[in-house]
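# Secondary and tertiary structure notes
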Amino acid sequence: MKVISIRNIHIGEGLPKIIVPLMGKNLEQLLSEINTIKQAGPDIVEWRADVLDEVENLEEVLEVISTIHEALYPTPLLFTFRSHREGGNKKITDTYYKQLLCEVVQSRAVDLIDVELFDPNVNEIVEVAKSNNVYVVMSNHDFEKTPAKEEIIFRLKRMQELGADIPKIAVMPKLPTDVLTLLDATYTMNSLYADRPIITMSMASTGAISRIAGQVFGSAATFGAGIEASAPGQIPAVKLRKILEVLNTD
């Protein structure tokens, strides 16, 4: 199993890595948020750029991400623009999505970039990321349901085929059995097919157990809320770390 190492953070070994999202609408809010979440000791920080008021101003985005990088270093930074079709805050064109991600990658201010599995330009974005030594977290989100186990595995395997360094999937449970489906798919994927770290989660309060026990089944990281959650069911990062440490006590 390949381990993704970014400075002193090693994704795929040890405790699941805690990723904390930044959800500010402008630079002032983001810097205030950074000061708060630093106290939680995140392993990785995710900037949810789709929340930024001026995200359609590429020059503004690049200035903001440079400032965020400087404020966070050496904590690894994951850049995410979550599309509207997968639960994000803004609608943008596929053309701008590609331009945005490629420009951010080329800025060298991020360590990882989220690329959505079903984006039509996924291959080109991955190629640019690879050529700039930025790790790709390839993602898929289903806010309506939990697909069948076979479909979840198919999507994760497809991400590997497309060059994802870390395949990631998040699904919505309607019943507790849906959480079991997600965890079963995670275990099968990790045991039989994965040659790199994967991240999986079941959302909302029903799926919260997947965020704290995912490592048992093969998920290498989990998302914990900072000031604001970026998805339903996220546990505050400080509480999440305590829970993970308890669960991993020998």
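Our structure is the block above this text.
Fair warning: this is a prediction, and the values are worked out from it, not measured in the lab. (Residues numbered from 1 in each chain as written. Predicted model: local features only at pLDDT ≥ 70, side-chain atom pairs only at ≥ 80, totals over all residues. Heavy atoms only, no water.)

## With respect to unusual backbone geometry
The linkage connecting tyrosine 73 with the following residue, proline 74, adopts the cis geometry, with an omega of 15 degrees. Position of proline 74 relative to the elements: it lies in the loop between α2 (58-72) and β5 (77-80). The phi dihedral of arginine 108 falls on the positive side, at around 60 degrees, and the residue is not glycine. Inspection of the secondary structure puts arginine 108 in the loop between α3 (94-106) and β6 (112-116). One non-glycine residue with positive phi stands out, namely asparagine 133, at about 55 degrees. (Helix = DSSP H or I, 4+ residues; strand = E, 2+ residues; numbered from the N terminus.)

## Topic: the pairing of strand β10 (residues 221-225)
With five of its five residues buried, β10 lies for the most part within the structure. Pairing of strand β3 (residues 17-22) with β10, which is carried by three bridges, proceeds in the parallel orientation. Opposite isoleucine 19, over in β10, you have phenylalanine 223 as the bridge partner. Here two bridges tie β10 to strand β11 (residues 235-236), and the two strands are oriented parallel to one another. Counted as the bridge partner of glycine 224 is isoleucine 235 from β11. (Buried < 20%, exposed > 50% of the residue type's maximum accessible area, 1.4 Å probe, protein only. Pairing = 2+ DSSP bridges.)

## A word on the layout of surface pockets
Approximately 150 Å³ is the volume found for the largest pocket. Along the walls of the largest pocket sit 14 residues, with Gly12, Glu13, Gly218, Ser219 and Ala220 positioned nearest its centre. A breakdown of the residues in the lining of the largest pocket according to their chemical character gives six nonpolar, six polar and two charged. (1 Å grid on protein atoms, 1.4 Å probe; cavity = no way out; pocket = protein on both sides within 12 Å on 5 of 7 lines; lining within 4 Å. Points joined across faces, edges and corners; volume = space filled by probe spheres on them. Nonpolar A, V, L, I, M, F, W, Y, C, P; charged D, E, K, R; others polar.)

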